[in-house]
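What follows is the residue order along each chain.
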Amino acid sequence: MEMFGRSRQQLTMMYALLMGALLVVLIFTVHRMMEWSMFSEQAQELFDAVDSIAEYRERERHPDPEGDSQTFVNYSDRLFFYVFDEDNRLLDFSRASYKFEFFILDHIRNWDAASGSVQVFRRPGEGGRRTSIMITSRTMNAGGIGHRVFVGKDVTTVYSGLQKSTYLLVAAGVLGLLLSTVIAYVMAGKALEPMEEAYEKQKQFAADASHELRTPLAVVMSSAELLLSDQSITSPFLRQVLEDVKSEVKKMTKLVGDLLIVARSDNNALKMQLKTFNLGELLNQNVRIMRPLAQKKNINLVAEDIADIDITADEQKIKQLILILVDNAIKYTPNGGVVVVRYDGRYDDDVRFSIMDTGIGIAPEDLDKIFERFYRVDKARSRELGGNGLGLSIAHEFTKMHGGKINVESVIDQGTKFTVTLPIKK
Ligand code: ADP
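An account of the accompanying structure is given in this report. Here the structure is a predicted model, which means the values were calculated and not measured. (Residues numbered from 1 in each chain as written. Predicted model: local features only at pLDDT ≥ 70, side-chain atom pairs only at ≥ 80, totals over all residues. Heavy atoms only, no water.)

### Concerning the overall build of the protein chain
Helix and strand counts for the protein chain stand at nine helices and 12 strands. Relative to the compact-globule value of 22 Å for 426 residues, the protein chain shows a C-alpha radius of gyration of 44 Å, a clear excess of over 25%. Judged by the C-alpha coordinates and their principal axes, the protein chain covers about 145 × 45 × 40 Å. For the protein chain, the residues scored as buried account for 37% of the 426 residues in total. Residue pairs in contact within the protein chain that sit at least 24 positions apart in sequence constitute 66% of those at least 6 positions apart. Carbon and sulfur atoms make up 57% of the accessible area of the protein chain, which totals about 25,400 Å². If you average the places of the 52 positive and of the 57 negative side-chain charges in the protein chain, the two averages end up 7 Å apart. (Helix = DSSP H or I, 4+ residues; strand = E, 2+ residues; numbered from the N terminus. Rg over C-alpha atoms; globule rule 2.2 N^0.38 Å. Buried < 20%, exposed > 50% of the residue type's maximum accessible area, 1.4 Å probe, protein only. Contact = heavy atoms within 4.5 Å. Areas by Shrake-Rupley, 256 points an atom, 1.4 Å probe, with all protein chains shown as cover. Lys, Arg positive; Asp, Glu negative; His and termini not counted. Charge placed at Lys NZ, Arg CZ, Asp CG, Glu CD.)

### Observations concerning the pattern of salt bridges
Tallying each qualifying case throughout the model produces 15 salt bridges. The salt bridge partner of R89 is D87, with a shortest N-O separation of 3.7 Å. Among the ionic pairs, E101 bridges to R95, the shortest N-O distance being 2.5 Å. Its relative accessible area of 55% is what places R95 among the exposed residues. Three or more residues are tied together by salt bridges with common partners; here these are D85, D87 and R89. (Salt bridge = Lys/Arg side-chain N within 4 Å of Asp/Glu carboxyl O.)

### Side note on the nonpolar core
In this structure, L279, L301, I318, F353 and F418 are the most contacted members of the largest nonpolar core, which totals 45 residues. Here this core gets eight residues from one element, more than from any other, and that element is helix α6 (residues 315–331). If we ignore the near neighbours within four places in the chain, the residues touching F353 are L279, L283, L321, I322, R342, Y343, D344, F418, T419, V420 and L422. Counting 17 residues, the second largest nonpolar core, distinct from the first, contains V50, I53, V83 and M134. (Core = buried A, V, L, I, M, F, W, Y, C linked by side-chain atoms within 4.5 Å.)

### Examining helix α4 (residues 236–266)
End to end, α4 covers 45 Å across 31 residues, agreeing with the expected 45 Å (1.5 Å per residue, within 8%). Structurally, α4 contributes buried residues whose contacts are with α3 (156–229), α6 and α9 (391–401). Trailing α4 by a residue or two, N268 shows a phi angle of about 55°, which is positive. (Expected span 1.5 Å × (residues − 1).)

### Focus on the pairing of strand β11 (residues 405–411)
The two faces of β11 differ: I406, V408 and S410 on one face are buried, but K405, N407, E409 and V411 on the other face are not. Where β11 folds back on strand β12 (residues 415–423), the antiparallel hairpin that results is connected by three residues, among which D413 adopts a positive phi of roughly 65°. (Pairing = 2+ DSSP bridges.)

### Some thoughts on the site of the ligand
Inspection of the region around the ligand gives 21 residues, with N328, Y332, D357, S382 and L392 positioned closest. If you list the elements that add at least two residues to the shell around the ligand, you get α6, α9 and β12. In terms of residue class, the shell around the ligand is built from 10 nonpolar, eight polar and three charged. (Near = heavy atom within 4 Å. Nonpolar A, V, L, I, M, F, W, Y, C, P; charged D, E, K, R; others polar.)

### Quick look at the sheet that holds strand β7 (residues 300–304)
The strand order β7-β9-β10-β12-β11 describes an open sheet built from five strands, whose pairing is mixed. Edge positions in the sheet fall to β7 and β11, since each of these pairs with one other strand and no more. Taking the axes of each pair of neighbouring strands and ignoring which way they run, one obtains an average angle of 15° across the sheet. Where β11 and β12 come together, seven bridges link them in antiparallel fashion. Among the inter-strand pairings, V411 is bridged to a residue of β12, identified as G415. (Axes fitted to C-alpha atoms, helices over the stretch in contact; angles between N-to-C directions.)

### Quick notes on the packing of helix α5 (residues 279–296) against α6
Their axes nearest at 10 Å, the elements α5 and α6 cross at an angle of 40°. Considered as vectors, α5 and α6 are oriented oblique to each other. Like other packed secondary-structure pairs, α5 and α6 cross with a definite hand, here right-handed. On the side of α5, the interface is formed by L279, L282, L283, Q285, N286, I289, M290, L293 and A294, while α6 contributes E315, I318, K319, I322, L323, V326, D327 and I330. Looking at the contact of α5 with α6, its residues break down into 12 nonpolar, two polar and three charged. (Parallel < 35°, antiparallel > 145°, perpendicular 65-115°, else oblique. Left-handed = near helix turned anticlockwise from the far one by under 90°.)

### Quick notes on a nonpolar patch on the surface
Taken together, the side chains of V220, F237, L238, V241 and V245 make up a nonpolar region of the molecular surface, amounting to roughly 410 Å² of accessible area. Counting residues per element, the nonpolar patch draws most heavily on α4, at four residues. Along the chain, V245 falls in helix α4. Given the relative accessible area of 32%, V245 is considered partly exposed. (Patch = residues over 30% accessible without salt bridge, like charges linked within 9 Å, V, L, I, M, F, W, Y side chains within 5 Å.)

### Thoughts on the environment of I306
By secondary structure assignment, the location of I306 is in the loop between β7 and β8 (310–314). Judged by its relative accessible area of 26%, I306 falls in the partly exposed class. Taking the C-alpha atoms as reference, I306 lies 5.2 Å from Y343; in sequence the two are 37 residues apart. Filtering out sequence-adjacent residues up to four positions away, I306 remains in contact with G280, L283, N284, V341 and Y343.

### Thoughts on the environment of L217
Of note, L217 is situated in helix α3. Note on L217: relative accessible area 10%, which makes it buried. For the pair L217 and V256, spaced 39 residues apart in the sequence, the C-alpha separation amounts to 9.3 Å. Ignoring anything within four residues of it in the chain, the contact list for L217 reads V249, M252, T253 and V256.

This is the structure we're talking about:
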């Protein structure tokens, strides 16, 4: 069932979008947290190193003859430091790798850092590989004079490790999303199953009910006709009541018939009985059938440009389609108007005909809704004219079944034109 298929896809899509958004937020948060924890761990190492250097330099200035001669130990070969005096002269250092020493010295000389701040400098390397260097700066008070210490570390591997884990996380996220989308699709199908079943039952019920209603309606109709033909019933009041019953039963029979068509079309139970017939003749015949109805409203119903053209289609359905359109044209055209049924000609493998009126017209905002079931622009007016809002939806269904199409153009208070295009051979 197309409708349930669409709902299933929409549900899956919504779920996937939601999960996708959630995953993006999650991956971003995890990435940020990993970055933060890595950054603080590395920074702590640098702070410890700065403390050691400060302690070492303090000892050097005030040697303790009793104590052990402790020296600053460069416990990681990636660590380096530079100590500058207040005139920016280099006092002490443990050199960074020659590959980026120049880059570092250049940066820290120009770096206007607050004491204790940490920054990661990135140096573009060959082959797109970037080196990340984390440096902290501290101002030490050496006997009233400010010395600046820079301690740094090559954190490239740590950062590229983080990048790799983020890529891995993204890949896992995409995989998870794909998997959960498939699961969502299956689950949505399962959830919709009972609804689909109920819908099928309801459609069957509508078809059965309208089918079953036809017989009793036919009985009421023939009974009313029988009573009307009985000359012993002379009371004008009773005869009027019987006429009213007949007219209402007629409307109801039409409604039930239309409902049956709609229900059958939902059940795909509308059968096509194809045969070859003359479309021009059928158009003429329908004009003849409808003429008395048009005359009642003093409407000039004319057939124009009718030509002999054989088409292969379901004649009954095409007849009903023409009758619906002509009936509407008469219904929605005021007394004294004109309705034209015209054969527009053959276009490649299609034939085209149109039904034009000089009636009330349809507003542009209603044009695409009039083919919906039970849609009526003016409910009260349509009911008064014996409409039930199913005519055009049936006309649309019949053209669709034949692989054709139906177009409408309309100008309010000037008229409406319905154009039907049908393939010559279904
Ligand atoms: P109904 O039984 O109400 O005529 P239809 O499905 O045949 O139902 O038409 C739907 C609505 O489209 C009508 O209620 C009417 O408002 C509008 N409509 C259809 N044909 C015409 C027309 N020829 N001129 C103006 N309005 C029309």
